[in-house]
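Residues per chain are reported as follows:
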Amino acid sequence: MYIVEPTEPMKTIDFGATGVEEILQNVAFIMATASMSCPLDREFGWDKTVIDVPIPIAKARIVANLTEAIHKFEPRAIVVAVDVLGDGLKGRLMPRVKVSIHESL
């Protein structure tokens, strides 16, 4: 099982990554990308809009939206859990995803 946070692996991009490293890098890239922000693929990324809703609902939407995006754009990664960290009262909720890699890799 691997833990992916959106900022940690995106400091550098390994364009020659393969196998597990490639999959984890792809998951981190999905986590760091808001939908509608990629010019040639507006669907890529995940819906980060959780404005003006109660914190438990915001966390649930983050988990659902992020899980759906990872399943859609990197099917080799199986989402095991999504933890939403941070302080919603300060306007900062940060997801951390636990994934396993599909056995067919």
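Residues numbered from 1 in each chain as written. Predicted model: local features only at pLDDT ≥ 70, side-chain atom pairs only at ≥ 80, totals over all residues. Heavy atoms only, no water.

A. How the structure looks around the sheet that holds strand E2 (residues 77-87). Across the sheet, three strands lie side by side as E1-E3-E2; this open sheet has antiparallel pairing. Sheet topology places strand E1 (2-4) and E2 at the edges, where each strand pairs with a single neighbour. Sheet twist, expressed as the average angle between the axes of neighbouring strands with direction ignored, equals 25°. Relative to strand E3 (residues 92-101), E2 is paired through 10 bridges, and the arrangement is antiparallel. Directly across from Gly86, in E3, lies its bridge partner Leu93. The strands that helix H2 (residues 55-73) touches are E2 and E3; relative to E2, the one it contacts most, it runs at about 150°. (Pairing = 2+ DSSP bridges. Helix = DSSP H or I, 4+ residues; strand = E, 2+ residues; numbered from the N terminus. Axes fitted to C-alpha atoms, helices over the stretch in contact; angles between N-to-C directions. Contact = heavy atoms within 4.5 Å.)

B. Focus on the environment of Lys59. Looking at the element boundaries, Lys59 is found in helix H2. In this structure, the C-alpha to C-alpha distance between Lys59 and Leu24, residues 35 residues apart in sequence, is 22 Å. Every residue in contact with Lys59, bar those within four places of it in the chain, is listed here: Val84 and Leu93.

C. Molecular detail of the environment of Val27. Structurally, Val27 is set in helix H1 (residues 19-31). Under the relative-accessibility criterion, Val27 is labelled buried at 0%. Along the chain, Val27 and Glu74 lie 47 residues apart, while their C-alpha atoms are 6.8 Å from each other. Contact partners of Val27, with chain neighbours within four places excluded, come to Val4, Ile70, Glu74 and Ala77. (Buried < 20%, exposed > 50% of the residue type's maximum accessible area, 1.4 Å probe, protein only.)

D. Molecular detail of the side chain of Glu74. Residue position: Glu74 is located in the loop between H2 and E2. Of the residues examined, Glu74 reaches a relative accessible area of 3% and is grouped as buried. Looking at Glu74, its side chain comes within polar contact range of the side chain of Arg76, at 2.8 Å. When residues no more than four places from it in sequence are discounted, the contact partners of Glu74 are Ile23, Asn26, Val27, Ile30 and Ala69. (Polar contact = N/O pair within 3.5 Å; in protein donor to acceptor, adjacent residues only side chain to side chain.)

E. Inspection of H2 at higher detail. Between its first and last C-alpha atoms H2 spans 27 Å; for 19 residues at 1.5 Å apiece the expected length is 27 Å, and the two agree. Turning to H2, its buried residues are Ala58, Ile62, Leu66, Ala69 and Ile70. In an axial view of H2, the angular spread of the buried residues amounts to 95°, which keeps them on one side of the axis. Facing away from the buried side of H2, by more than 90 degrees, are the exposed residues Pro56, Glu68 and His71. In this structure, the buried residues of H2 make contact with H1, E2 and E3. (Expected span 1.5 Å × (residues − 1). Arc of directions from axis to C-beta.)

Limitation: the analysis is restricted to geometry and does not speak to function.
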